[in-house]
Amino acid sequence: MATALKVNGKQYTVDADPSTPMLWILRDNLNMTGTKFGCGIAQCGACTVHMNGEAVRSCQLPLEAAANAEITTIEGLTSDNKHPLQQLWAEMNVPQCGYCQAGMLMAAAALLKDKPNPTDEDIDNYVTNICRCGTYPRVRAAIHRAATMLKS
Amino acid sequence: MGIHKEISRRDFVISTAVVGGGLAITATWSGAFAASGSTTPWATPTPANVGEFTPWLTIAPDDTVTVRVNSPDLGNGIVTQFAMTMTEELECDWDKVRVEYASATRDYLEGGVYSKGGGLSYFSGRSTSPGKMEIMLQVGASARERLKAAAAEQWGGVPVSEIEAKKSVLTHKPSGRTLRYGEVAVKAAAIKLETEPKPKPQSEWTFLGKASPAKLQISMITNGSLVYGIDVREPDMLYAAILQSPVHGGKLKSYDFDKIKGLPGVRGVAVVDPSEPRKMADDKVKSPFPLGLSAPQSAIAVIADHYWQAKVALDALPVEWDDGPGAQWKTTEQLNKAAYDAIQKPGSKVELTRGNTLEIIDKQAKVVEGTYLTPFNDHVTMEPLNGTARVTADRVDVWHPSQHSQQGFYIAAEETGLPLEKVFFHQTWVGTGFGRRVYGDDVRMVVAVAKKFPGRPVQVIWSREESIRQGRFRALMATKLKAGLDKDGMPVAFTSYSAGAKGFSVRGIPDGAYGVSIIPNVHITSEVLNTHFLTGPYRGPGYNSSAFFMETFTDEMALAAGIDPLEYRLRLYAKWPDAGWTKCLKEVAAKANWGKSLPKGRGQGIAISNWGMGGKPEAGTTVACVAEVEVSKKGDLKIVALDVSFDTGRIVNEDAIRAQVEGGAIFGVNMTLNEGLHIKDGRIVEGNYDQYPMVRMADIPKTIGVHFGGLSGHDRMGEIGEPPVGPIGPAIGNAIFRATGKRLRTTPFREHDLSWA
Ligand code: FES
Ligand code: FES
């Protein structure tokens, strides 16, 4: 069954079972592999994308529910890798293996849109992603700095 | 830094044309396959317009410097470190440097160009090992001189001494003429120098040890383009979902393909039979680890056009297993009891004995005793196990997130029976390893499945549940420790009786400072339980368990002696001929404000351990930790602060070290608070994060204090990936004791009731 999708501002039509999680549609049907598989049960956040500007875990988002929505993935967060978060991620050497980081960035970007001045508690509540490498202190510090950068 | 015996300066820098070891091989590396994109890290043959100085280094016309690295980066910054080492001597522009993973196939075809000196140390392991640094420095220095020589020729034979090489530009100082590296790279690569230059001494380094640049792959992480194993996309690729015998060692009894064959996208099933004959075409060659460590499990995989289709079909496939002898382990309690029973008396293997321990231990002023246990843990690699392979009659290609691509190369050869020159192993980026991806059982399963669908690339993905339940676990281990203290409260006799699941390692106890010399009389034994669970290295084999046992016990000795835990350790290690230990303790205690007064429910704990010392002082990496915790009356635990000091001897990249220590400390928190697998009817119970929780942002302190004042300056660069995990757990446990009076002798702590009144 063909479903129309809008991902990173572009229209696509995919032929897949409407219950297929968007995670796999993005990765296997659209070849956008930046969104990662970590658990498949909405626990780890590695698969985080934006749907109409809000962070959602795409492993629990069926294709049919994403039809007609604006989906943004890490590939579409910016076209030039220059989101303040992306810049600070490099400057502050945030990622270790990097596998969880697309999800971290998407969660953090949604947080900053919602709360331009996030407290530590806001970060704890919005960015509940798992990072097995233990980058949490750097993720937190980079989000705070990005908030300052976005203000100026 | 000692010169590597087997290799002369010359051998590092000779060019590529050597074909290997007297073998009659006609295959060549170039021409083996087409080049691929820049976000894929595996090496592809060097194009003709690019100068290849040695198999380790190429420079392209646009000045791009490609450093080929043979150890995979698991997040530890290892490839960046290699490239920095090369850059120190090459004097190239850091912004032009990229890395690729060296090919194990090429290594084989060209006489071990990437592995002289031994497989294990070369295709895995750390960037600061002296042998590896030496190669990078030498290759960089040689290429720089060859670039100068080529420029001198181009400028009509000006003296080389008049040419300066800096930031990828060659300048003829008297005339001011310049050439970019890329303009003379091909010519320079063909030059043979009369004498090879000697790399400068460490004291003259300007980049290494000074700069802390961001990891080279970060920009590809932040835009999602970095290619991990699971991101490999080859034309015509199929996907497989896999299920292995839930009881390790069991056998597939039956399955009913008819039930799923009509499901969308399903192409078929692949059955992996461990008893099928497997043989290397050339059985004289030796793999880095025994190939038996990657022995296949009985398994079935569903192959489909897309992964989700394969997974849905596998979940719907009726499968029956013959569990085999592993089913005898019915519960966790049964296994724990077997371990506790086994440590009530000395074990059958004596690990270390000294003095007349057994006669004198009970006659001392005080006797302290404790029984400890750490469970099976899984690595829980962030990127679930996966890999991609295409098998044809005359070639196998494997794209894999390996921790040891050379080992994977041999496994693919054995699994297909193809000769080694027909095996192409393409190392991808890796989403964490912690030891899980070293032995290559994952490579084995991928090739075993793909060979049932010859001609098409098959990407095999373990679900998270499969990834955890089919782990190669840190082995369950229990120990009974006992010490006789003299009238000053210090230990004069010590016994340790350990037992563990097959594959456990007790070596942290005899090889630790206590075992080696601090206590005059010791008796250390072990006993192996007859278990079927598959085990493997987990961020330092045996290290984390023994650090937890020994450092919790040390606190109990200090308590019995009525001496402050820090003071007690300082007295103990005063006798140990490695000043780094007391230096680390003093540093971390000062930074954490050790001994500050805290209300009930708050407490500090301290611990110290070493990974890599192998029974010797001034070896390996020593790490000390002070943890501060708060425990509510109801028993909720909060880690308030973690301070860590360490002694690797020397360091080269401060920020990279800091990141590793932070990550290691957080791993240690998770291991201690959360991790422990349970058993039911021979199977592992936990499958996903809902049952096997991980710490998240809110669970750890906002900053982790990483302190550099413990460095002894000793002439070694110990590794920093595995060591920081060790002291975290016991420091937290000791802090909990100070906060609540509750002594925790088993992990994970989340299973303990910490409430207090
Ligand atoms: S894969 Fe979706 S939350 Fe883990
Ligand atoms: S950076 Fe490796 S899992 Fe987060």
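My aim in this report is to walk through the structure given alongside it, one point at a time. Computed from a predicted model, the values in this text were never measured in an experiment.

### Remarks on the pattern of salt bridges
It is possible for side chains bearing opposite charge to pair when their charged atoms get close.
Residue and element names in this part refer to chain B.
So, step 1. Under the counting rule described, the total for this entry stands at 61 salt bridges over all chains.
So, step 2. Between Glu 183 and Arg 180 there is a salt bridge, and its shortest N-O distance comes to 3.9 Å.
So, step 3. For Glu 183, a relative accessible area of 44% puts it in the partly exposed group.
So, step 4. Given the relative accessible area of 34%, Arg 180 is considered partly exposed.
So, step 5. Put simply, Arg 602 and Glu 628 hold a salt bridge, and the shortest N to O gap is 2.8 Å. Here the residue Arg 602 occupies a position in strand β22 (residues 602-611), and Glu 628 occupies one in strand β23 (residues 621-631), the gap between them amounting to 26 residues.
So, step 6. Judged by relative accessible area, which is 25%, Arg 602 ranks as partly exposed.
So, step 7. Residue Glu 628 is classed as buried on the basis of its relative accessible area, which comes to 4%.

### So, the packing of helix α16 (residues 565-573) of chain B against helix α17 (residues 580-591) of chain B
Relative orientation and spacing of two packed helices are given, respectively, by the angle between their axes and the distance between those axes.
All names here are of chain B.
So, step 1. The contact between α16 and α17 brings their axes to 9 Å, and the two run at 165°. Looking at the two axes, α16 sits roughly antiparallel to α17. The chirality of how α16 crosses α17 is left-handed. Where α16 approaches α17, its residues Leu 566, Arg 569, Leu 570 and Tyr 573 are matched on the opposing element by Trp 581, Thr 582, Leu 585, Lys 586 and Ala 589.
So, step 2. Of the residues assigned to the contact of α16 with α17, the class counts are six nonpolar, one polar and two charged.

### A closer look at helix α6 (residues 181-189) of chain B
So, step 1. Within the sequence span of α6(B), burial applies to Tyr181(B), Gly182(B), Val184(B), Ala185(B), Ala188(B) and Ala189(B). Looking straight down α6(B), one finds that the buried residues subtend no more than 165° of arc, so they occupy a single side.

### Some words on the interface of chain B and chain A
So, step 1. Every contact between the two is made by 57 residues of chain B and, on the other side, 48 residues of chain A.
So, step 2. Summed over both sides, the interface of chain B with chain A buries roughly 4,600 Å², with 58% coming from carbon and sulfur.
So, step 3. Between the two partners, chain B and chain A, sit six salt bridges.
So, step 4. Between Arg233(B) and Asp28(A) there is a salt bridge; the shortest N-O distance is 3.2 Å.
So, step 5. There are 31 residue pairs in polar contact (both at pLDDT 80 or more) connecting chain B and chain A.
So, step 6. Where the side of chain B that touches chain A is concerned, the elements lending two or more residues are α7 (218-222), α8 (307-316), α13 (464-469) and α18 (654-673) of chain B.
So, step 7. Considering each element in turn, the side of chain B that touches chain A owes the most residues, nine residues, to α18(B).
So, step 8. Tallied by class, residues from the side of chain B that touches chain A come to 29 nonpolar, 14 polar and 14 charged.

### Focus on the sheet that holds β22(B)
The strands making up a sheet associate through hydrogen bonds between their backbones, and the pairing can be parallel or antiparallel.
Residues and elements named next belong to chain B.
So, step 1. One open sheet accounts for four strands, arranged β22-β23-β24-β27; its pairing is mixed. A strand with exactly one partner marks an edge of an open sheet, and here the two such strands are β22 and β27 (705-707). Mean inter-strand twist for the sheet, computed between neighbouring axes without regard to direction, equals 15°.
So, step 2. Pairing of strand β24 (residues 637-647) with β27 involves three bridges; the strand directions are parallel. What sits directly across from Ser 645, in β27, is His 707.
So, step 3. Seen against the sheet, α18 touches β24 and β27 and runs at an angle of roughly 135° to β24.

### Here's the deal with the side chain of Thr531(B)
So, step 1. Inspection of the secondary structure assignment puts Thr531(B) in the loop between β21 (521-529) and α15 (543-561).
So, step 2. Polar side-chain contacts of Thr531(B) include one of 3.0 Å to the backbone nitrogen of Lys502(B).

### Focus on the sheet that holds strand β11 (residues 299-304) of chain B
Residues and elements named next belong to chain B.
So, step 1. Strand order across the open sheet formed by seven strands is β10-β11-β8-β18-β15-β16-β17, with mixed pairing between neighbours. The strands lining the two open edges of the sheet, one partner per strand, are β10 (266-272) and β17 (423-427). Put simply, the sheet's adjacent strands are angled 20° from each other on average, direction ignored.
So, step 2. The pairing of β10 with β11 spans six bridges and is classified as antiparallel. Its bridge partner being in β11, Val 271 is matched across the sheet by Ile 300.

### A closer look at the nonpolar core
So, step 1. With 254 residues, the main nonpolar core has Ile143(A), Leu90(B), Val449(B), Phe494(B), Tyr573(B), Leu642(B) and Ile732(B) as its most contacted residues.
So, step 2. With eleven residues, helix α5 (residues 130-154) of chain B is the largest single contributor of residues to this core.
So, step 3. Formed by 14 residues, the second largest nonpolar core is a distinct cluster that contains Leu5(A), Val7(A), Ala66(A) and Ile71(A).

### Considerations on helix α2 (residues 78-90) of chain B
All names here are of chain B.
So, step 1. Compared with the 18 Å implied by 1.5 Å per residue over 13 residues, the 18 Å span of α2 between its first and last C-alpha is a close match.
So, step 2. Within α2, 13 of the 13 residues are buried, leaving the element largely enclosed by the surrounding structure.
So, step 3. Immediately beyond the C-terminal end of α2, within one or two residues, lies Glu 91, with a positive phi of roughly 60°.

### Here we look at the packing of aromatic side chains
Residue and element names in this part refer to chain B.
So, step 1. Summed over the entire model, instances satisfying the criterion amount to 25 aromatic pairs over all chains.
So, step 2. On the basis of an interplanar angle of 50° and a centroid distance of 4.7 Å, the ring pair of Phe 434 and Phe 667 is categorised as tilted. Of this pair, Phe 434 sits in the loop between β17 and α12 (441-450) while Phe 667 sits in helix α18, placing them 233 residues apart in sequence. Phe 667 matches Phe 434 in its accessibility class, with the two residues each being buried.
So, step 3. Summarising the aromatic geometry, the rings of Phe 548 and Phe 749 are spaced 6.0 Å apart at their centres and angled 55° between planes, so their arrangement reads as tilted. With Phe 548 in helix α15 and Phe 749 in the segment after α19 (728-740), this residue pair connects regions lying 201 residues apart in the sequence. Judged on exposure class, the residue Phe 548 and its partner Phe 749 are both buried.
So, step 4. An aromatic cluster is defined as three or more aromatic residues linked by ring pairs; in this entry it consists of Tyr 372, Phe 494, Tyr 514, Phe 548, Phe 549, Phe 553, Tyr 573, Trp 576, Trp 581 and Phe 749.
So, step 5. The lysine or arginine in question, Arg 743, covers the ring of Phe 737, its NZ or CZ lying 4.0 Å from the ring centre.

Cut-off values and rules
- Residues numbered from 1 in each chain as written.
- Chains lettered and ligands numbered in written order.
- Predicted model: local features only at pLDDT ≥ 70, side-chain atom pairs only at ≥ 80, totals over all residues.
- Heavy atoms only, no water.
- Salt bridge = Lys/Arg side-chain N within 4 Å of Asp/Glu carboxyl O.
- Buried < 20%, exposed > 50% of the residue type's maximum accessible area, 1.4 Å probe, protein only.
- Helix = DSSP H or I, 4+ residues; strand = E, 2+ residues; numbered from the N terminus.
- Axes fitted to C-alpha atoms, helices over the stretch in contact; angles between N-to-C directions.
- Parallel < 35°, antiparallel > 145°, perpendicular 65-115°, else oblique.
- Left-handed = near helix turned anticlockwise from the far one by under 90°.
- Contact = heavy atoms within 4.5 Å.
- Nonpolar A, V, L, I, M, F, W, Y, C, P; charged D, E, K, R; others polar.
- Arc of directions from axis to C-beta.
- Buried area = accessible area lost by both parts, 1.4 Å probe.
- Polar contact = N/O pair within 3.5 Å; in protein donor to acceptor, adjacent residues only side chain to side chain.
- Pairing = 2+ DSSP bridges.
- Core = buried A, V, L, I, M, F, W, Y, C linked by side-chain atoms within 4.5 Å.
- Expected span 1.5 Å × (residues − 1).
- Phe/Tyr/Trp six-rings, centres within 6.5 Å; stacked < 30°, edge-to-face > 60°.
- Lys NZ or Arg CZ within 6 Å of the ring centre and 35° of its normal.

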